[in-house]
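What the coordinates show
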Amino acid sequence: MSDKDVLKGESRDGYVKIDRYNEDKIEAVATHYKDILGQLGENPEREGLLKTPERVAKALQYLTHGYDLKPDEILKGAMFEEDYSQMVVVKDIEVYSMCEHHMLPFFGKAHIAYIPNGHIVGLSKIPRVVDAFARRLQVQERLTNEIRDCIQNTLSPMGVAVVMECRHLCMAMRGVQKQNSVTTTSAFTGTFLSNDKTRAEFLRLITASLD
């Protein structure tokens, strides 16, 4: 953390939320947003908007903090040798990201599987990898591939499967304005590509209910 980065905590019912902000970046981005408010026909000096540029700047810094993370290091921090070679599936991982074309959110779920080849990884690390890539300006197609490639290149498993289902506000709020549309992307490596039965098992598992 540099001298310009500030940690701020807020206690709520025993929970402390810690945000990290770079004050120089906050000031620079907030200045631009104050100008933008004026260009939109608003009065940036009215009471309700006085702190809006700073709030937006902080929100954007948080929503893009994935640029400061190293997803492969997240995985390497919890890799363990293990003689296990069956499919490991982590499904219904919440995804929140920002479309790089309109800077509007898209959100949904990711379903990820890998087949170990001598190493497994702490299960919580897979959602962290998803967040590390999602907290950047993204397109869903690239996000899907980046998650797949990170797991494949770091763990060297026998195969990786990623399926992502998201709603895009750039479609729901503007453009075609289709509020109920869902975009699904997928990416596979290794056994999931070459073996139809393995891929079918993965797809069955991510749609199955435990109820």
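Computed from a predicted model, the values in this text were never measured in an experiment. All chains use their own residue numbering, which begins from 1 and follows the written sequence. For a predicted model such as this one, the threshold for reporting local features is a pLDDT of at least 70, and the threshold for listing and counting side-chain atom pairs is 80 or more; totals across whole chains, interfaces and linings nevertheless cover every residue. Calculation of side-chain values draws on the structure's entire complement of heavy atoms; hydrogens and water are dropped beforehand.

Quantified by volume, the second largest pocket comes out at close to 280 Å³. Only protein atoms enter the 1 Å grid used here, on which a cavity is any set of points holding a 1.4 Å probe that cannot leave and a pocket is any open set flanked by protein within 12 Å on both sides along at least five of seven lines; residues with an atom within 4 Å of a point are listed as lining. Tyr 62, His 65, Leu 69, Ile 74, Glu 94, Tyr 96, Lys 125, Pro 127, Arg 128, Asp 131 and Arg 135 together form the lining of the second largest pocket. In this description a helix means any DSSP run of H or I spanning at least four residues, a strand means any run of E spanning at least two, and both kinds are numbered starting from the N terminus. Counting only elements with at least two residues in the lining of the second largest pocket, the list comes to strand 4 (88-99) and helix 4 (125-134). By residue number, the principal contributor to the lining of the second largest pocket is helix 4, which donates four residues. Grid points are joined across faces, edges and corners, and a volume is the space filled by probe spheres set on the points.

Once that is clear, we can look at the pairing of strand 8 (residues 159-168). Walk down a regular strand and you will see the side chains alternate between the two sheet faces. Taking burial as the measure, the ten residues of strand 8 include eight buried ones, the bulk of the element. DSSP bridges decide pairing: two strands pair if at least two such bridges lie between them. Two strands pair when backbone bridges link them, and strand 5 (residues 105-115) and strand 8 are joined in this way by ten bridges, in the antiparallel orientation. Bridge pairing in strand 8 links Phe 106 to His 168. Across six bridges, the pairing between strand 8 and strand 9 (residues 183-188) is antiparallel. Of the residues in strand 9, the one forming a bridge with Met 164 is Thr 185. Burial status follows relative accessibility: with a 1.4 Å probe on protein chains alone, a residue under 20% of its type maximum counts as buried, one over 50% as exposed, and anything between as partly exposed.

Let's shift gears to the UniProt feature "binding site: Zn(2+)" (unreviewed entry) in the chain. UniProt positions are given in the numbering used here, feature names are shortened, and annotations may be inferred rather than shown by experiment. When the UniProt feature table is mapped to this numbering, "binding site: Zn(2+)" (unreviewed entry) covers Cys 99, His 102 and Cys 170. These annotated residues cover 72 residues of sequence, and their C-alpha atoms all fall within 7.7 Å of one another, placing them together at a single site. Within the secondary structure layout, His 102 lies in the loop between strand 4 and strand 5. With respect to the helices and strands, Cys 170 occurs in helix 6 (residues 169-172). Note on Cys 170: relative accessible area 11%, which makes it buried. Throughout, a residue-residue contact means that at least one pair of heavy atoms, one from each residue, lies within 4.5 Å. Setting aside its immediate chain neighbours within four residues, Cys 170 contacts Cys 99, His 102, Leu 104 and Gly 175.

Moving on: the sheet that holds strand 7 (residues 137-138). Within a sheet, adjacent strands bond to each other through the backbone by hydrogen bonds, running parallel or antiparallel. Taken together, five strands build an open sheet; the order of strands is 7-4-5-8-9 and the sheet is mixed. Every interior strand has two partners, whereas the edge strands, strand 7 and strand 9, have only one. Pairing of strand 4 with strand 7 involves two bridges; the strand directions are parallel. Each residue of the ladder has a partner; that of Cys 99, found in strand 7, is Gln 138. For helices, the axis comes from a line fit to the C-alpha atoms of the stretch in contact; other axes are also lines fit to C-alpha atoms, and the angle between any two N-to-C directions lies between 0 and 180 degrees. The strands touched by helix 8 (residues 196-207) are strand 4, strand 5, strand 8 and strand 9; relative to strand 5, the strand with the most contacts, the crossing angle is about 130 degrees.

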